[in-house]
Amino acid sequence: MAAALDEAAATLLAVWEAARERTTSRLSGAQLRAVMVVEQYDGINLRRLATLTDMLLSSASRLCDRLVAAGMLEREPGRYDRREISLHLTPAATRLLGELRADRRQRLERILAGMSAEGRAALLRGMREFDEAARRGEAAATEGVVLLQPAGEPVGTAPAGAAPGEQGPSQTGEPPVARTA
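Note that the coordinates shown come from a computational prediction; the quantities given were computed from them, not determined experimentally. (Residues numbered from 1 in each chain as written. Predicted model: local features only at pLDDT ≥ 70, side-chain atom pairs only at ≥ 80, totals over all residues. Heavy atoms only, no water.)

Student: Break down the sheet that holds strand 2 (residues 73-77) for me, citing the residues and quoting the values.
Tutor: With antiparallel pairing, three strands are arranged side by side in an open sheet as 1-3-2. Each edge of the open sheet carries a strand with a single partner, namely strand 1 (44-45) and strand 2. Bridge count for strand 1 against strand 3 (residues 85-89) is two bridges, and the pairing is antiparallel. When the sheet's bridge partners are listed, I44 is paired in strand 3 with L87. Packing against the sheet, helix 2 (residues 29-40) makes contact with strand 1, strand 2 and strand 3, and its axis sits at approximately 100° to strand 3. (Pairing = 2+ DSSP bridges. Helix = DSSP H or I, 4+ residues; strand = E, 2+ residues; numbered from the N terminus. Contact = heavy atoms within 4.5 Å. Axes fitted to C-alpha atoms, helices over the stretch in contact; angles between N-to-C directions.)

Structure (structure tokens):
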């Protein structure tokens, strides 16, 4: 079962990577990840970004320098401590992430159109159960860490804009982000 899932996941990852290369070819994987974290936590400081992306503070700082130079991030003095820098997405970064998600969804829709209605329903049900099991396992393994959905809400709450009672992965399809409590 694990080998079959690994093969199927490789196909899904190839679809995602093709969309990433098409829409974000000028950003590295680490840069894209940082942009996505800043999207979730508008105004995040550099230390927290480094923690959430599992980078050294100096590496995160250099990465942000490159993202500022590329027009993806803006730096602003902190509201409460002027020595602290807040990070924000630029409109160009917001557009880029929107294009990435739209491209991924179009690619997924083309593939899903070739599946039966029963297959699509089973896939969605299985993916939701897989996500829940993974989050439970991750939560148990990282006691004291809060897992967040792509919209930034703690796991177990509905993402912003979700239908009542809807939980689990948000419409963005991004992986959860761990942050210390």
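Student: Give me the lowdown on the pattern of salt bridges, citing residues and values where you can.
Tutor: Taken as a whole, this structure holds six salt bridges when the rule is applied. In this structure, the salt-bridge partner of D103 is R22, at a minimum N-O distance of 3.2 Å. Residue D103 is found in helix 5 (residues 91-113), and its partner R22 is found in helix 1 (residues 2-23); the two are separated by 81 residues along the sequence. A salt bridge links D65 to R75, with the shortest nitrogen-to-oxygen separation between them at 2.5 Å. Remark: R75 occurs in strand 2 and D65 occurs in helix 4 (residues 57-69); sequence separation between them is 10 residues. With relative accessibility at 38%, the residue R75 sits in the partly exposed group. The network of salt bridges with common partners includes R22, D103 and R107. (Salt bridge = Lys/Arg side-chain N within 4 Å of Asp/Glu carboxyl O. Buried < 20%, exposed > 50% of the residue type's maximum accessible area, 1.4 Å probe, protein only.)

Student: Provide a residue-level description of unusual backbone geometry, including the pertinent values.
Tutor: Unusually for a residue other than glycine, D54 sits at a positive phi of about 55°. Here D54 is to be found in the loop between helix 3 (46-52) and helix 4. Owing to a relative accessible area of 73%, D54 belongs among the exposed residues under this scheme.

Student: Before we move on, can you summarise the environment of P91 with the specific residues and values?
Tutor: For P91, the location among the structural elements is in helix 5. With 19 residues separating them along the chain, P91 and M72 place their C-alpha atoms 7.8 Å apart.

Student: Break down helix 2 for me, with residues and values.
Tutor: In a regular helix each residue adds 1.5 Å, so 12 residues correspond to 16 Å; helix 2 covers 17 Å between its end C-alpha atoms and thus fits that length. Turning to helix 2, its buried residues number three or more, namely Q31, L32, A34, V35, M36, V37, V38 and Q40. (Expected span 1.5 Å × (residues − 1).)

Nothing here speaks to function; it is all geometry.
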